[in-house]
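# Tertiary structure, described
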Amino acid sequence: MLRKKKPPRQYDDDDGRVIAPMDVDGMPWSNPRPGRRRAKASDGQEDGPKPPPMSRRETLQVICSAVLAGLLIALLFVGAAFVFIWFCIHVWFV
């Protein structure tokens, strides 16, 4: 059994203006043709110029920097936990 779509409600105070648009780019309901992807340009160009590929040394440098940044953040969390436990043992629960 098919249901018939109801027409949208008409309100007396609605003048058709949009106060806050709720469209989000990239969401499926904002595409004019749902289910179809945009075809890429036939000339092979994309949004912008591609950066040159990184050398092996630059790649290792980026990886080491990221690991060191993660270790620094982990060290800060461990230090904060240590200070909290020390505070609990020596000051709070005395």
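A few points on the structure.

Reading guide: rules and limits
Residues numbered from 1 in each chain as written. Predicted model: local features only at pLDDT ≥ 70, side-chain atom pairs only at ≥ 80, totals over all residues. Heavy atoms only, no water. Helix = DSSP H or I, 4+ residues; strand = E, 2+ residues; numbered from the N terminus. Buried < 20%, exposed > 50% of the residue type's maximum accessible area, 1.4 Å probe, protein only. Areas by Shrake-Rupley, 256 points an atom, 1.4 Å probe, with all protein chains shown as cover. Salt bridge = Lys/Arg side-chain N within 4 Å of Asp/Glu carboxyl O. Phe/Tyr/Trp six-rings, centres within 6.5 Å; stacked < 30°, edge-to-face > 60°. Patch = residues over 30% accessible without salt bridge, like charges linked within 9 Å, V, L, I, M, F, W, Y side chains within 5 Å.

Scanning the protein chain from N- to C-terminus turns up one helix and zero strands. Across the 94 residues of the protein chain, 1% fall into the buried class. Within the structure as shown, the protein chain displays about 10700 Å² of accessible surface, and the carbon and sulfur contribution to it stands at 62%.

Attention now goes to the pattern of salt bridges. Tallying each qualifying case throughout the model produces one salt bridge. With its nearest N and O atoms 2.7 Å apart, the salt bridge here joins Arg17 to Asp15. Judged by relative accessible area, which is 52%, Asp15 ranks as exposed.

On inspection of all chains with the given rule, the structure shows one aromatic pair. Residues Phe87 and Trp92 carry aromatic rings whose centres are separated by 6.3 Å and whose planes lie at 45 degrees to one another, so their mutual orientation is tilted.

For the rest of this paragraph, the subject is a nonpolar patch on the surface. Taken together, the side chains of Phe82, Val83, Phe84, Ile85, Trp86, Phe87, Ile89, Val91, Trp92 and Phe93 make up a nonpolar region of the molecular surface, amounting to roughly 1100 Å² of accessible area. In this structure, Phe93 sits in the segment after α1 (56-92). The class for Phe93 is exposed, based on a relative accessible area of 59%.

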